[in-house]
Amino acid sequence: MSSNFKQQQIGNVALVVENYDDAIAFYTQKLGFELVEDTDLGGGKRWVQVTPPNSNGTNLLLAQASTDEQRHSIGNQTGGRVFLFLQTDDFWRDYHAMKQQGVTFNEEPRIEEYGTVVVFQDLYGNKWDLLQLTAKS
(Lines give C-alpha, C1' and ligand atoms only; values in the text may rest on other atoms or scores of the structure.)
Protein backbone atom coordinates (compact mmCIF):
# COMPACT_ATOMS: atom_id res chain seq x y z
CA MET A 1 0.00 0.00 0.00
CA SER A 2 1.53 3.31 -1.02
CA SER A 3 0.92 6.49 0.90
CA ASN A 4 0.08 9.78 -0.81
CA PHE A 5 1.40 11.67 2.20
CA LYS A 6 4.74 13.37 1.72
CA GLN A 7 6.87 14.50 4.59
CA GLN A 8 9.07 17.43 3.70
CA GLN A 9 10.72 20.27 5.51
CA ILE A 10 13.07 23.11 4.70
CA GLY A 11 16.43 22.03 6.07
CA ASN A 12 18.49 25.14 5.35
CA VAL A 13 17.98 28.70 4.21
CA ALA A 14 21.10 30.11 2.53
CA LEU A 15 22.22 33.57 3.58
CA VAL A 16 24.97 35.21 1.53
CA VAL A 17 27.57 36.72 3.86
CA GLU A 18 30.75 38.72 3.42
CA ASN A 19 32.82 36.68 5.86
CA TYR A 20 32.15 33.33 7.54
CA ASP A 21 33.79 34.19 10.87
CA ASP A 22 32.13 37.61 11.24
CA ALA A 23 28.73 36.06 10.48
CA ILE A 24 29.29 33.18 12.93
CA ALA A 25 30.26 35.68 15.63
CA PHE A 26 27.14 37.82 15.04
CA TYR A 27 24.68 34.94 15.03
CA THR A 28 26.19 33.06 17.97
CA GLN A 29 27.18 36.00 20.18
CA LYS A 30 24.55 38.65 19.45
CA LEU A 31 21.53 36.44 18.67
CA GLY A 32 22.47 33.42 20.80
CA PHE A 33 22.30 30.94 17.90
CA GLU A 34 24.18 27.65 18.08
CA LEU A 35 26.90 26.69 15.60
CA VAL A 36 25.65 23.39 14.14
CA GLU A 37 28.48 22.76 11.69
CA ASP A 38 31.59 24.43 10.29
CA THR A 39 33.24 22.12 7.77
CA ASP A 40 36.13 23.14 5.52
CA LEU A 41 35.28 22.20 1.92
CA GLY A 42 38.61 23.37 0.48
CA GLY A 43 39.35 26.30 -1.78
CA GLY A 44 38.17 28.81 0.84
CA LYS A 45 34.66 27.32 0.98
CA ARG A 46 33.02 26.11 4.17
CA TRP A 47 29.72 24.46 5.05
CA VAL A 48 28.54 26.62 7.96
CA GLN A 49 25.17 26.13 9.64
CA VAL A 50 23.75 28.04 12.62
CA THR A 51 20.38 27.67 14.30
CA PRO A 52 18.38 29.29 17.10
CA PRO A 53 18.40 27.35 20.39
CA ASN A 54 15.81 24.54 20.50
CA SER A 55 14.99 25.06 16.83
CA ASN A 56 12.75 22.74 14.82
CA GLY A 57 15.56 21.69 12.48
CA THR A 58 15.66 24.51 9.93
CA ASN A 59 19.17 25.93 9.87
CA LEU A 60 20.68 29.08 8.45
CA LEU A 61 23.41 28.18 5.96
CA LEU A 62 26.01 30.94 5.90
CA ALA A 63 27.36 31.15 2.35
CA GLN A 64 30.34 33.43 1.82
CA ALA A 65 30.00 35.44 -1.39
CA SER A 66 32.40 34.34 -4.12
CA THR A 67 31.27 36.41 -7.14
CA ASP A 68 30.50 40.08 -7.74
CA GLU A 69 26.82 39.25 -8.19
CA GLN A 70 26.74 37.50 -4.82
CA ARG A 71 28.64 40.34 -3.13
CA HIS A 72 26.04 42.83 -4.43
CA SER A 73 23.24 40.86 -2.75
CA ILE A 74 24.83 40.88 0.73
CA GLY A 75 22.43 42.64 3.09
CA ASN A 76 19.66 42.92 0.52
CA GLN A 77 18.64 39.44 -0.53
CA THR A 78 14.96 40.39 -0.64
CA GLY A 79 15.05 43.87 -2.12
CA GLY A 80 14.64 45.61 1.23
CA ARG A 81 11.78 43.51 2.61
CA VAL A 82 11.94 41.54 5.83
CA PHE A 83 13.83 38.37 4.92
CA LEU A 84 13.61 36.04 7.91
CA PHE A 85 11.24 35.66 10.86
CA LEU A 86 12.71 34.66 14.22
CA GLN A 87 9.81 33.33 16.28
CA THR A 88 10.20 33.23 20.04
CA ASP A 89 8.29 32.03 23.07
CA ASP A 90 9.31 35.16 25.05
CA PHE A 91 9.48 38.33 22.97
CA TRP A 92 10.60 40.71 25.73
CA ARG A 93 13.36 38.40 27.02
CA ASP A 94 14.87 38.12 23.54
CA TYR A 95 14.30 41.76 22.59
CA HIS A 96 16.12 43.01 25.70
CA ALA A 97 18.94 40.48 25.31
CA MET A 98 19.45 41.49 21.68
CA LYS A 99 19.41 45.21 22.56
CA GLN A 100 22.00 44.53 25.25
CA GLN A 101 24.19 42.86 22.61
CA GLY A 102 23.98 45.91 20.35
CA VAL A 103 21.60 44.53 17.70
CA THR A 104 20.16 47.32 15.51
CA PHE A 105 16.38 47.69 15.61
CA ASN A 106 14.55 49.58 12.87
CA GLU A 107 11.56 50.49 15.03
CA GLU A 108 10.00 50.19 18.45
CA PRO A 109 8.24 46.89 19.27
CA ARG A 110 4.58 46.83 18.36
CA ILE A 111 1.54 44.75 19.21
CA GLU A 112 -0.31 43.46 16.16
CA GLU A 113 -3.34 41.20 15.88
CA TYR A 114 -1.05 38.24 15.15
CA GLY A 115 1.52 38.95 17.87
CA THR A 116 4.30 41.13 19.23
CA VAL A 117 6.89 42.09 16.60
CA VAL A 118 9.88 44.28 15.88
CA VAL A 119 12.13 44.60 12.82
CA PHE A 120 15.86 44.26 13.39
CA GLN A 121 18.94 44.00 11.17
CA ASP A 122 21.72 41.47 10.99
CA LEU A 123 25.33 42.56 10.64
CA TYR A 124 24.90 43.17 6.89
CA GLY A 125 21.56 45.00 7.04
CA ASN A 126 19.21 42.13 6.15
CA LYS A 127 15.87 42.78 7.83
CA TRP A 128 14.42 40.25 10.24
CA ASP A 129 11.27 40.14 12.36
CA LEU A 130 11.54 39.10 15.99
CA LEU A 131 8.06 37.72 16.57
CA GLN A 132 6.01 36.15 19.32
CA LEU A 133 2.73 34.92 17.90
CA THR A 134 -0.48 35.53 19.81
CA ALA A 135 -1.81 32.33 21.33
CA LYS A 136 -4.89 31.06 19.51
CA SER A 137 -7.88 30.27 21.67
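Above this note sits the structure.
The notes below deal with the structure included here. As the structure is a computational prediction, the values presented were derived from the model and not from experiment.

Turning next to the packing of aromatic side chains. Scanning all chains against the criterion turns up ten aromatic pairs. Both rings, one in F26 and one in Y27, keep their centres 5.1 Å apart while their planes meet at 85°; by these two values the pair is edge-to-face. For the pair shown, F26 and Y27 are each scored as buried. Plain terms: the ring middles of W92 and Y95 are 5.7 Å apart, the flat faces sit at 90° to each other, and that makes the pair edge-to-face. With a gap of three residues between them, W92 and Y95 both fall in helix 3 (residues 91-100), about one helical turn apart. Here W92 falls in the partly exposed class, since its relative accessible area comes to 41%. Among the residues examined, Y95 registers a relative accessible area of 4% and is labelled buried.

Turning our attention to the layout of surface pockets. One simple way to see leftover space: roll a probe sized like a water molecule over the atoms. Size it by volume and the largest pocket reaches roughly 670 Å³. Together, 26 residues line the largest pocket, and F33, P52, F85, L86 and Q87 are the ones closest to its centre. Only strand 4 (59-64), strand 5 (82-87), helix 3 and strand 9 (127-133) provide two or more residues apiece to the lining of the largest pocket. Class assignment of the residues belonging to the lining of the largest pocket gives a composition of 14 nonpolar, eight polar and four charged. Both of domain 1 (9-74) and domain 2 (80-136) provide at least three residues apiece to the lining of the largest pocket. If you go around the second largest pocket, the residues you meet are Y20, L41, G44, K45, R46, W47, L61, L62, A63, Q64, A65 and S66. Mapped onto the lining of the second largest pocket, the elements with two or more residues apiece are strand 3 (45-51) and strand 4. If you tally residues by element for the lining of the second largest pocket, the top one is strand 4, at four residues. Residues of the lining of the second largest pocket, tallied by class, amount to seven nonpolar, three polar and two charged.

Conventions and cut-offs
- In every chain, residue numbers begin from 1 and rise along the written sequence.
- Where totals are concerned, whole chains, interfaces and linings use all residues; where local detail is concerned, this predicted model gives features only for residues with pLDDT of at least 70, and gives and counts side-chain atom pairs only at 80 or more.
- In computing side-chain values, all of the structure's heavy atoms are included and hydrogens and water are not.
- We call Phe, Tyr and Trp rings a pair once their centres come within 6.5 Å, taking the six-membered ring for Trp, and we label the pair stacked below 30 degrees between planes, edge-to-face above 60, and tilted otherwise.
- Throughout this description, buried means an accessible area under 20% of the type-specific maximum (1.4 Å probe, protein chains only), exposed means over 50%, and partly exposed covers the range between.
- Secondary structure counts use DSSP, requiring at least four H or I residues in a row for a helix and at least two E residues in a row for a strand, with both numbered from the N terminus.
- Within this scheme a cavity is a closed region of a 1 Å grid, computed over the protein atoms alone, that accommodates a 1.4 Å probe without allowing it to escape, whereas a pocket is open but has protein on both sides within 12 Å along at least five of seven lines; lining residues each have an atom within 4 Å of a point.
- Grid points are joined across faces, edges and corners, and a volume is the space filled by probe spheres set on the points.
- Throughout this entry, Asp, Glu, Lys and Arg are counted as charged residues, while Ala, Val, Leu, Ile, Met, Phe, Trp, Tyr, Cys and Pro are counted as nonpolar. The remaining residues, Gly among them, count as polar.
- The split into domains, and so the bounds of each, comes from an automatic or database assignment of domains.

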